[in-house]
Amino acid sequence: MTTMTGGPQTTEAAPPTPANPFERLDDAPQEQQRRIIGYLDTVAAHPEIQRMRSAAFELFAPTAGERLLDVGCGAGEVSRQLAARVGTTGSVTAVDRSAEAISVAQSRHDGSSVTYMVGDITALDFPDGHFDGVRCERVLQHLPDPDHAIKEMIRVTRPGGRVCVIDTDWTSSVGDGFDHLAEVLERFPFPHPSAGRTARARMVKADLPVTTALPVTLRFTTPDDAAVVVPLFDETPLRTCVQPELVEPFLDSVRQSAERGDFLFAFTMWISLGRVETV
């Protein structure tokens, strides 16, 4: 913002956008790594995330004997669920960019047909048409080039196979009972906050013309419950990403809403499923 005061012209620079810890987990301090893995665990256990994942499983429909890829697997809990569906005649490859996440996933291995690997969704180390199905969840929102990631997932999927992209549309966020939601959301470092909503168009553009898009709206009626899933209600990431002059009125408003019992927050996640064309 430029301010004219009769003297020299001055420019007030916007505060720099903080780094996204999910994008560079291995470079984070050990305590932050533990905090992020803990966050992934609590999110996975949350009933709203489980409800969304149940809908995604139904749409993706893994079956016995299939060879599947779970890319951006985190601690691997979904990979192990997929392995239970494909059985001993199938296999699941769980890939994550973070060596720390893969180490945690391997430490929790349950003996099922999952192989854990460090890898990059934009440069998958698999041949063309290798998998019957590929799945990724909450990955595109963190990427500088989500279109290239979608092309890679399509490349490693066989003709007739399916690609399932699950992501968040943070721009769909709505709240009631508190103030400053839009300003706070602007400060969170997601390269693509509308990744969930735009996934279908990206998949169609990448030659997946038959693509289903299923919206699942997650809702929260207390700030503590929302904080399990939504970083902007957790004081630690909130204070990292947002300037103090905005944090305090936001938190005061949220606390007052909690005391009155009228807090409401919701956002939509999109499950997009496309099939690779047969030759």
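Before reading further, recall that the structure is shown in the block above.
Quick caveat: nothing in here was measured; it's all calculated off a predicted structure. (Residues numbered from 1 in each chain as written. Predicted model: local features only at pLDDT ≥ 70, side-chain atom pairs only at ≥ 80, totals over all residues. Heavy atoms only, no water.)

*Asks:* Got a sec to walk through the sheet that holds strand β9 (residues 264–275)? Specific residues and values, please.
*Replies:* Taken in spatial order, the 7 strands of this open sheet run β5-β4-β3-β6-β7-β9-β8, and their pairing is mixed. Lying at the two open borders of the sheet, with one neighbouring strand each, are β5 (114–118) and β8 (211–220). Direction aside, neighbouring strands of the sheet carry axes that sit 20 degrees apart on average. Relative to strand β4 (residues 91–96), strand β3 (residues 67–71) is paired through 5 bridges, and the arrangement is parallel. (Pairing = 2+ DSSP bridges. Helix = DSSP H or I, 4+ residues; strand = E, 2+ residues; numbered from the N terminus. Axes fitted to C-alpha atoms, helices over the stretch in contact; angles between N-to-C directions.)

*Asks:* Run through helix α2 (residues 47–60), naming residues and quoting values.
*Replies:* Here α2 contains 14 residues, and its C-alpha end-to-end distance of 20 Å stays within 8% of the 20 Å for a straight helix at 1.5 Å per residue. Among the residues of α2, those classed as buried are E48, I49, M52, R53, A56, F57 and F60. (Expected span 1.5 Å × (residues − 1). Buried < 20%, exposed > 50% of the residue type's maximum accessible area, 1.4 Å probe, protein only.)

*Asks:* Could you give an account of the environment of V242, with specific residues and numbers?
*Replies:* Residue placement: V242 occurs in the loop between α9 (235–241) and α10 (244–260). Along the primary structure V242 and T89 are separated by 153 residues, whereas in three dimensions their C-alpha atoms are 49 Å apart. Sequence-distant contacts of V242, defined by excluding residues within four places in its chain, comprise V184, R187, F188 and V247. (Contact = heavy atoms within 4.5 Å.)

*Asks:* Lay out the environment of L59 with the relevant residues and their values.
*Replies:* The topology assignment puts L59 in helix α2. A residue is classified by how much of its surface remains accessible, and L59, at 23% relative accessible area, is partly exposed. Spatially, the C-alpha atom of L59 lies 17 Å from that of I154, the residues being 95 residues apart in sequence. Not counting residues up to four positions away in its chain, the partners in contact with L59 are T212, L214, I271 and L273.

*Asks:* Which residues make up the pattern of salt bridges, and what values go with them?
*Replies:* Tallied over the entire structure, the rule returns 20 salt bridges. Its salt-bridge partner being E48, residue R219 comes within 3.6 Å of it at the nearest N-O pair. In this pair, R219 is assigned in strand β8 and E48 in helix α2, connecting sequence segments 171 residues apart. The class of R219 is partly exposed, set by a relative accessible area of 47%. (Salt bridge = Lys/Arg side-chain N within 4 Å of Asp/Glu carboxyl O.)

*Asks:* Could you give me a rundown of the pairing of strand β7 (residues 157–176), with the residues and numbers involved?
*Replies:* As judged from the 6 bridges shared by strand β6 (residues 131–137) and β7, these two strands associate in the parallel manner. Each residue of the ladder has a partner; that of E137, found in β7, is I166. Each parallel crossover has a hand, and the one from β6 via helix α5 (residues 146–155) to β7 is right-handed. (Right-handed = clockwise from strand over helix to strand, strands pointing away.)

*Asks:* Give me the lowdown on the side chain of D167, citing residues and values where you can.
*Replies:* With respect to the helices and strands, D167 occurs in strand β7. The side chain of D167 sits in the buried core without any salt bridge; R138 is the nearest counter-charge, 7.0 Å away. Separated by 2.8 Å, the side chain of D167 and the backbone nitrogen of L140 make a polar contact. Once residues within four sequence positions are removed from consideration, D167 is found in contact with R138, V139, L140, Q141, A195, G196, M269 and W270. (Lys, Arg positive; Asp, Glu negative; His and termini not counted. Polar contact = N/O pair within 3.5 Å; in protein donor to acceptor, adjacent residues only side chain to side chain.)

*Asks:* Help me get a handle on the packing of α2 against helix α3 (residues 77–86), residues and values and all.
*Replies:* Two elements in contact, α2 and α3, have axes whose closest approach is 13 Å; the angle formed by their N-to-C orientations is 40 degrees. Of the possible angle classes, the one that applies to α2 and α3 is oblique. Here α2 runs over α3; the crossing is right-handed. Residues R53, F57 and F60 of α2 form the contact with α3, whose participating residues are E77, V78, Q81, L82 and R85. (Parallel < 35°, antiparallel > 145°, perpendicular 65-115°, else oblique. Left-handed = near helix turned anticlockwise from the far one by under 90°.)

*Asks:* How would you summarise the packing of aromatic side chains if you had to cite specific residues and measurements?
*Replies:* By convention here, two paired aromatic rings are described through the distance between centres and the angle between planes. A complete count under the given rule lists 12 aromatic pairs for this structure. For the ring pair F265 and F267, a centre distance of 6.1 Å and an interplane angle of 45 degrees mean the geometry is tilted. Overall, F265 belongs to the buried group, its relative accessible area being 0%. F267 sits in the buried class, given a relative accessible area of 2%. Feature note: the residues W170, F178, F190, F220, F233, F250, F263, F265 and F267 constitute an aromatic cluster, connected by ring pairs. When the ring centre of F60 is taken as origin, the NZ or CZ atom of R162, which lies over that ring, is 4.7 Å away. (Phe/Tyr/Trp six-rings, centres within 6.5 Å; stacked < 30°, edge-to-face > 60°. Lys NZ or Arg CZ within 6 Å of the ring centre and 35° of its normal.)

*Asks:* Help me get a handle on unusual backbone geometry, residues and values and all.
*Replies:* At A61, a position not held by glycine, the phi torsion is positive, near 50 degrees. Within the element layout of this structure, A61 appears in the loop between α2 and β3. Backbone geometry places H180, a non-glycine residue, at a positive phi of 75 degrees. Along the chain, the position of H180 falls in the loop between β7 and α6 (181–186).

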